[in-house]
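# Observations on the three-dimensional arrangement
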Amino acid sequence: MTDAPATGTAADSPRVSARLDDNDPPWPLRPWIMAAICAAAGLAFHALVDHPYQDALAQWRSALATAVAVAAVVFVLGVELRRWHWALGFALLWGIVLGLIAWQTAAYNLQGSPIEWSFWSGMLAVLVATPLFQTRRDVAPDWRFWKLWAMPYDRLHSHAWTDAVIGAASLAFVGIAFLLTFLISEMFHLIGIDLIRDLLNDEWFGWMLAGAAFGGAVGLLRERDKLVSTLQRLVMVVLAVLAPVLAAALVIFLLSLAGTGLAKLWASGFSTAALMLAAAAFAVLLANAVIGNGTDDPATNPLLRWAAPVLAVAVLPLAGVAFYSMQLRIGQYGWTPERIWGLIATLIALAYGAIGLWAVGKGRREFDDVLRPLQQKLAIGVALLALFLALPILDFGAISTRDQMARLTSGTTKVEQLDWAAMAYDFGPSGRAALKELTRSPQKERADAAKAALAAKNRWDLTGPKGPVLLKPLAERLRVIPAERALPAEAMERIAGAYMCSRAKACVAVWLADDRIGVLGQNEPGEPVNFDFVTLNKDGRWVQGEFSRDARPTRPKVDLSKATVTVETIEQRRILVDGVPESGAFE
């Protein structure tokens, strides 16, 4: 790979270029290089995330896996021969940033998962920043990036849509590649060759195949971006046809609200804010499909040209209803991280609605000429805001904890109304610190609920109809049969976190074999009894489920016409509770 100049044409190329930009020379090896990069990234990703499903993934593994995946995808989507080192630096930078964000989010809550709101905010920043980078790479005289708003809108808009089309088509190709591989594996299985079938059952091969298929597809499509540009325009044309439908529906809906009021929205059972934001997002998408990439690209059909400004203006009232809905919800139940993120989304929608109204008021029929540069500035602002919010600068969990504790102290929120699961699992260290403080409360109801929330093994144990219920330690709730045979510490830990006993007031562990324990649990007297096995697997780990039993051996070939057929009586066991079977029969 060599650094190609930013100017000049590919006129000396022996092949007819299928590239949209003549400054990008053909790169025949691109699909193979991209497939190899993504295949290696898939293998590395699997090596980092491969762990027992019962255990949380280590923070450093989450961070490295995220960094590898993000860097690989951003690089293959954005690289060109010219200024390829820009793309490499851009991809590595975002890989490091998202990896650090994943490290922080994995450590934030008890689940150890990096998939939190701040992680998605970082992903949004990457998605918006990538077409900005591609456009700047194409037109910038040097590496300085502080005049992003001066970029040509038509190229920026084209990159955004092309990236979306290539990404979606490549993901579809991954699915096709898996289907084809499965078909081939079954064909060879018919003649007794199971190599491909066995490979498909190995997770590492699946990740490698997915990476190779995705990278190869991106490489192939990017080398033919003239064709992709045609496909992109086709997608925009198809979407633009829907613009009058949505515009008419929004006009009727908003006019109807003036007569019916907002009360029916709150009584619908759906999240009004989410619904309004989704409608606003579709309005933005379809309006942009109509106005196209630039001044020479908008739709010419009069119906479409009238629908686009209606959609642009409709975003503001939709965002206003979403904002009002969020304010009502916050006033009723207080702040949570989800509501803070929802409020930020409504503010962004309000900003777009404001520039849409301004553009239509100023430009009238030519509103798109006014809207395009404003959209570009807003996109840059959203990318910077998303990156800022993804970094551990503002702690939404701490903000939410202070508000919820104030509401509890003032009596606005009753003990049974407080979201104890969110306090323990969503509000981060601040929420858990507040729970520890509440355990010392002189009000027994609060103290017991806080202790139960801290002791819960998962959030679902706190969301039942009775809310958090303080339980005795497992050792006091658990009977072992036979009583003289103690349970290994790892088996006790697995039982404590299993659904049978995590919230059960009564729990029984029955030794069935040296490597198998039957576990029964009952949350309340009279309720159904939950049953499952806890077994010692081949790796020497105690796991939930029947994993230690060997599969039944393959039977020899038999000629039923000559075979001896007899009836055999076998002895099996099952667990009874007061004479009633609670488990199926087992050996």
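Every chain's residues receive numbers from 1 upward, in the order its sequence appears when written. At least 70 in pLDDT is required for a residue's local features to be given in this predicted model, at least 80 for side-chain atom pairs to be given and counted, and no such filter applies to totals for whole chains, interfaces and linings, which use all residues. The basis for the side-chain values is all heavy atoms of the structure; hydrogens and waters are excluded.

### Some details on the overall build of the protein chain
Comment: elements are numbered from the N terminus, with helices defined as DSSP H or I runs of at least four residues and strands as E runs of at least two. Each helix and strand in the protein chain was counted, giving 20 helices and seven strands. Type-normalised accessible area, obtained with a 1.4 Å probe on protein chains alone, sets the label of each residue: buried when under 20%, exposed when over 50%, and partly exposed for intermediate values. The buried share among the 587 residues of the protein chain stands at 45%. In this analysis, two residues are considered to be in contact whenever any of their non-hydrogen atoms come within 4.5 Å of each other. Sequence-distant contacts in the protein chain: of pairs separated by 6 or more residues, those separated by 24 or more amount to 66%. Calculation of accessible area relied on Shrake-Rupley with a 1.4 Å probe; when residues are assessed, cover is drawn exclusively from the protein chains displayed. As presented, the protein chain carries roughly 31500 Å² of accessible surface, and 65% of it is formed by carbon and sulfur atoms.

### A word on the layout of surface pockets
Its boundaries defined by the atoms lining it, the second largest pocket holds a volume of some 990 Å³. The way it works is a 1 Å grid over only the protein atoms, where trapped points that fit a 1.4 Å probe form a cavity and open points with protein on both sides within 12 Å along at least five of seven lines form a pocket, and then any residue with an atom within 4 Å of a point lines it. In this structure, the second largest pocket is lined by 42 residues; those nearest its centre are S271, M326, E338, R339 and G342. The set of elements that each furnish at least two residues to the lining of the second largest pocket consists of α4 (117-139), α11 (272-291), α12 (302-333), α13 (337-363), α14 (367-390) and α15 (396-410). For the lining of the second largest pocket, the element with the most residues is α13, which contributes seven residues. Residue composition of the lining of the second largest pocket, grouped by class: 24 nonpolar, 12 polar and six charged. Grid points are joined across faces, edges and corners, and a volume is the space filled by probe spheres set on the points. Here the term charged refers only to Asp, Glu, Lys and Arg, the term nonpolar to Ala, Val, Leu, Ile, Met, Phe, Trp, Tyr, Cys and Pro, and the term polar to all other amino acids, Gly among them.

### Quick notes on the confidence of the model for the protein chain
As a per-residue measure, pLDDT tells how confident the predictor is, with possible values from 0 to 100. Looking at the protein chain as a whole, the pLDDT averages 84, with 89% of positions reaching at least 70. Confidence scores differ between elements of the protein chain, with helix α10 (residues 263-266) showing the lowest mean pLDDT of 72 and helix α1 (residues 30-49) the highest of 94. Of the regions scoring below 50 in pLDDT, residues 1-14 engages in 26 contacts with residues more than four places distant in sequence or in other chains.

### Details of the side chain of N288
The residue N288 is located in helix α11 in this model. Leave out the neighbours within four places in its chain, and N288 touches Y153, H157, M236, Y352 and Q375.

### Topic: the nonpolar core
Formed by 39 residues in total, the largest nonpolar core has its most connected members in L250, L311, F367 and L371. For this core, the secondary structure elements donating two or more residues are α8 (225-241), α9 (243-260), α11, α12, α13 and α14. With 12 residues, the single largest contributor to this core is α12. Dropping the residues within four chain positions of it, F367 is found in contact with I291, A308, P309, A312, A359 and V360. Here, nonpolar core refers to any group of buried Ala, Val, Leu, Ile, Met, Phe, Trp, Tyr and Cys residues whose side-chain atoms link them within 4.5 Å. By size, the runner-up hydrophobic cluster in this structure holds 36 residues, among which are V74, A87, V97 and V126.

### Looking at the sheet that holds strand β4 (residues 530-536)
For two strands to pair, DSSP has to find at least two bridges joining them. The five strands are arranged β1-β2-β3-β4-β5 in an open sheet whose pairing can be described as mixed. Each end of this open sheet is capped by a strand with a single partner; those strands are β1 (478-481) and β5 (542-544). Here the strands of the sheet are splayed against their neighbours by 25° on average, with no regard to which way each runs. In the sheet, strand β2 (residues 506-513) pairs with strand β3 (residues 516-522) via seven bridges, with the strands oriented antiparallel. Note on geometry: axes are C-alpha line fits, over the in-contact stretch for helices, and angles between N-to-C directions span 0 to 180 degrees.

### Observations concerning α8
A helix's residues, less one, multiplied by 1.5 Å, set its expected span. The terminal C-alpha atoms of α8, which comprises 17 residues, lie 24 Å apart, in line with the 24 Å expected from a rise of 1.5 Å per residue. Among all positions of α8, only D225, V228, S229, Q232, M236, L239 and A240 are buried. The arc that holds every buried residue of α8, seen down its axis, measures 120°, which confines them to one face. Opposite the buried face of α8, at more than 90 degrees from it, the exposed residues are L227, T230, V237 and V241. Summarising the contacts, the buried residues of α8 are in contact with α5 (153-190), α7 (203-223), α9, α11 and α12. Directions pointing from the helix axis toward each C-beta atom define the arc.

### Concerning the state of the cysteines
Only a pair of cysteine sulfur atoms within 2.5 Å qualifies as a disulfide here. A full pass over the atoms with the stated rule returns one disulfide. For C501, the disulfide goes to C507, at an S-S distance of 1.6 Å. When the S-S torsion is 55°, as for the bridge of C501 with C507, the disulfide is right-handed. Overall, the relative accessible area of 0% leaves C501 in the buried class.

### Quick word on the environment of C507
Relative to the helices and strands, C507 is located in strand β2. Separated by 23 residues in sequence, C507 and N530 have C-alpha atoms that sit 9.4 Å apart. Dropping the residues within four chain positions of it, C507 is found in contact with R477, L478, R479, I495, C501, V519, L520 and G521.

### Overview of a nonpolar patch on the surface
On the surface, a nonpolar cluster with roughly 850 Å² of combined accessible area is contributed by L180, L183, M187, F188, L190, I191, I193 and L195. Looking at the nonpolar patch element by element, the count peaks at five residues for α5. Considering the arrangement of structural elements, one finds M187 in helix α5. Residues form patches when they are more than 30% accessible in relative terms and have no salt bridge. Like charges link within 9 Å. Nonpolar side chains (Val, Leu, Ile, Met, Phe, Trp, Tyr) link within 5 Å. Any carboxyl oxygen of Asp or Glu that lies within 4 Å of a side-chain nitrogen of Lys or Arg is treated as forming a salt bridge with it.

### Describing the packing of aromatic side chains
What counts as a ring pair is set by centres within 6.5 Å for rings of Phe, Tyr and Trp (its six-membered ring), and what kind of pair is set by the plane angle: stacked under 30 degrees, edge-to-face over 60, tilted for all other angles. In this structure the tally under the stated criterion is nine aromatic pairs. When the ring of F90 is compared with that of W94, the centres are 6.3 Å apart and the planes differ by 70°; the resulting orientation is edge-to-face. Taken together, the positions of F90 and W94, both in helix α3 (residues 84-108) and four residues apart, correspond to about one turn of that helix. This pair shows no difference in class: F90 is buried, exactly as W94 is. Here the aromatic residues F90, W94 and F133 are joined through ring pairs into a cluster of three or more. Throughout this description, the term charge over a ring refers to an Arg CZ or Lys NZ atom that lies within 6 Å of the ring centre and within 35 degrees of the ring normal. The ring of W511 carries R485 above its face, with NZ or CZ at 3.8 Å from the centroid.

### Remarks on the pairing of β2
Of all the eight residues making up β2, six are buried; the element is thus mostly covered by neighbouring parts of the structure. Classification remark: right-handed applies to a crossover when, strands pointing away from the viewer, the course from the first strand over the helix to the second runs clockwise. For the crossover that starts at β1, traverses helix α20 (residues 489-497) and ends in the parallel β2, the hand is left-handed. Linking two consecutive strands that pair antiparallel, namely β2 and β3, is a turn of two residues.

### Some remarks on the pattern of salt bridges
For side chains bearing opposite charge, pairing can occur when the charged atoms are close. Scanning the model with the defined rule gives 13 salt bridges in all. For E223, the salt bridge identified is with R30, shortest N-O distance 3.0 Å. Here E223 is found in helix α7, whereas its partner R30 is found in helix α1, with 193 residues between them in sequence. Judged by its relative accessible area of 1%, R30 is buried. The partner of R197 in a salt bridge is E186, and the shortest N-O contact between them spans 3.0 Å. Taken as a pair, R197 in helix α6 (residues 195-200) and E186 in helix α5 lie far apart in primary sequence, 11 residues in all. Owing to a relative accessible area of 32%, R197 belongs among the partly exposed residues under this scheme. A relative accessible area of 23% places E186 in the partly exposed class. When salt bridges that share partners are traced, they join R82, R137, D138 and R155 into one network.

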